[in-house]
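# Examination of the molecular architecture
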Amino acid sequence: MLGLTPLGTVHTLVSLVALAAGFASLLRDGRIVPDSGLGRTYVWSTALTCLTGFGIFERGGFGVPHALGVVTLVVLAFATWQGGARWLGARWLYVSTVCFTLTLFFHMIPGTTETFTRIPAGRPLFTGPDDPALQKVVGVLFLVFIVGAVLQVRHLRRQGRALQSMAGLQGAGKSAR
């Protein structure tokens, strides 16, 4: 399959599961919810994608893709850290939401690089990871991440205000009885 090793094939298939679960969660819930089925699938398949990526050395030894895998695992662990809510209180939901979305952006970097340095077969769109056109695509993906993160935070704030308003209305109704 496009010059992939057996480990590379497993890595690619698991990463596709992670991407599908991540984007499906974003579409359904507006964020990656780690306690949902899609969220758990995303978290575990992302971790497995990183771990399988450590055994792939197509471009030599330990390199930038491996470092990105380490960073992804650190951000993923931080986002799932149970102590975060005690540490940051209500702000933790915003921080963890942006962290999960950041890991999805991290998926897109090697995903875009590896896909479009192989496809179309025989005439790939990019010559390699240092191709200036690919760097521009990654820059656009970063801007999409920033816009998405801002929209997620705004959505969470609106949800919080709506819940506070509803709680206030319910409390007012109870005191009138």
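Residues numbered from 1 in each chain as written. Predicted model: local features only at pLDDT ≥ 70, side-chain atom pairs only at ≥ 80, totals over all residues. Heavy atoms only, no water.

## Thoughts on the overall build of the chain
Helix and strand counts for the chain come out as six helices and zero strands. The helix and strand sequence of the chain, counted from the amino end, reads α-α-α-α-α-α. Among the 177 residues that make up the chain, the fraction classed as buried is 33%. Taking the contacts inside the chain whose residues are at least 6 apart along the sequence as the reference set, 58% of them involve residues at least 24 apart. Roughly 10,800 Å² of accessible area belongs to the chain as shown, and the carbon and sulfur atoms make up 69% of that amount. (Helix = DSSP H or I, 4+ residues; strand = E, 2+ residues; numbered from the N terminus. Buried < 20%, exposed > 50% of the residue type's maximum accessible area, 1.4 Å probe, protein only. Contact = heavy atoms within 4.5 Å. Areas by Shrake-Rupley, 256 points an atom, 1.4 Å probe, with all protein chains shown as cover.)

## A closer look at the side chain of threonine 49
By the secondary structure assignment, threonine 49 is in helix α2 (residues 37-53). Separated by 3.4 Å, the side chain of threonine 49 and the backbone nitrogen of serine 15 make a polar contact. Apart from the residues lying within four places of it in its own chain, the contact partners of threonine 49 are His11, Val14, Ser15, Ala18 and His107. (Polar contact = N/O pair within 3.5 Å; in protein donor to acceptor, adjacent residues only side chain to side chain.)

## A look at the pattern of salt bridges
This model, assessed by the stated rule, comprises two salt bridges. Linking arginine 28 and aspartate 29 is a salt bridge whose minimum nitrogen-to-oxygen distance equals 3.0 Å. Of the charged contacts in the structure, one is a salt bridge between arginine 118 and glutamate 114, with a shortest N-O distance of 3.2 Å. For arginine 118, a relative accessible area of 17% puts it in the buried group. Residue glutamate 114 is classed as partly exposed on the basis of its relative accessible area, which comes to 26%. (Salt bridge = Lys/Arg side-chain N within 4 Å of Asp/Glu carboxyl O.)

## Some words on the nonpolar core
In this structure, Tyr42, Phe100, Leu102 and Phe106 are the most contacted members of the largest nonpolar core, which totals 19 residues. Of all the elements in the fold, those that place two or more residues in this core are α1 (6-29), α2, α3 (64-80), α5 (91-116) and α6 (132-176). Non-local contacts of leucine 102, meaning those with residues more than four positions away in its chain, are made with Val75 and Phe145. (Core = buried A, V, L, I, M, F, W, Y, C linked by side-chain atoms within 4.5 Å.)

## Side note on the confidence of the model for the chain
Averaged over every residue, the pLDDT of the chain is 89; residues scoring 70 or more account for 89%. Taking the mean pLDDT of every element in the chain, the minimum, 82, falls on α6 and the maximum, 97, on α2. (pLDDT = per-residue confidence, 0-100.)

## Here's the deal with the packing of α1 against α5
Close contact between α1 and α5 brings their axes to 11 Å; oriented N to C, the two are set at 140°. What the angle tells us is that α1 and α5 run oblique. For the element pair α1 and α5, the recorded crossing hand is left-handed. Counted together, Ala18, Leu19, Gly22, Phe23 and Leu26 of α1 and Thr101, Leu104, His107 and Met108 of α5 form the full contact between these two elements. Partitioning the contact of α1 with α5 into residue classes produces six nonpolar, three polar and no charged. (Axes fitted to C-alpha atoms, helices over the stretch in contact; angles between N-to-C directions. Parallel < 35°, antiparallel > 145°, perpendicular 65-115°, else oblique. Left-handed = near helix turned anticlockwise from the far one by under 90°. Nonpolar A, V, L, I, M, F, W, Y, C, P; charged D, E, K, R; others polar.)

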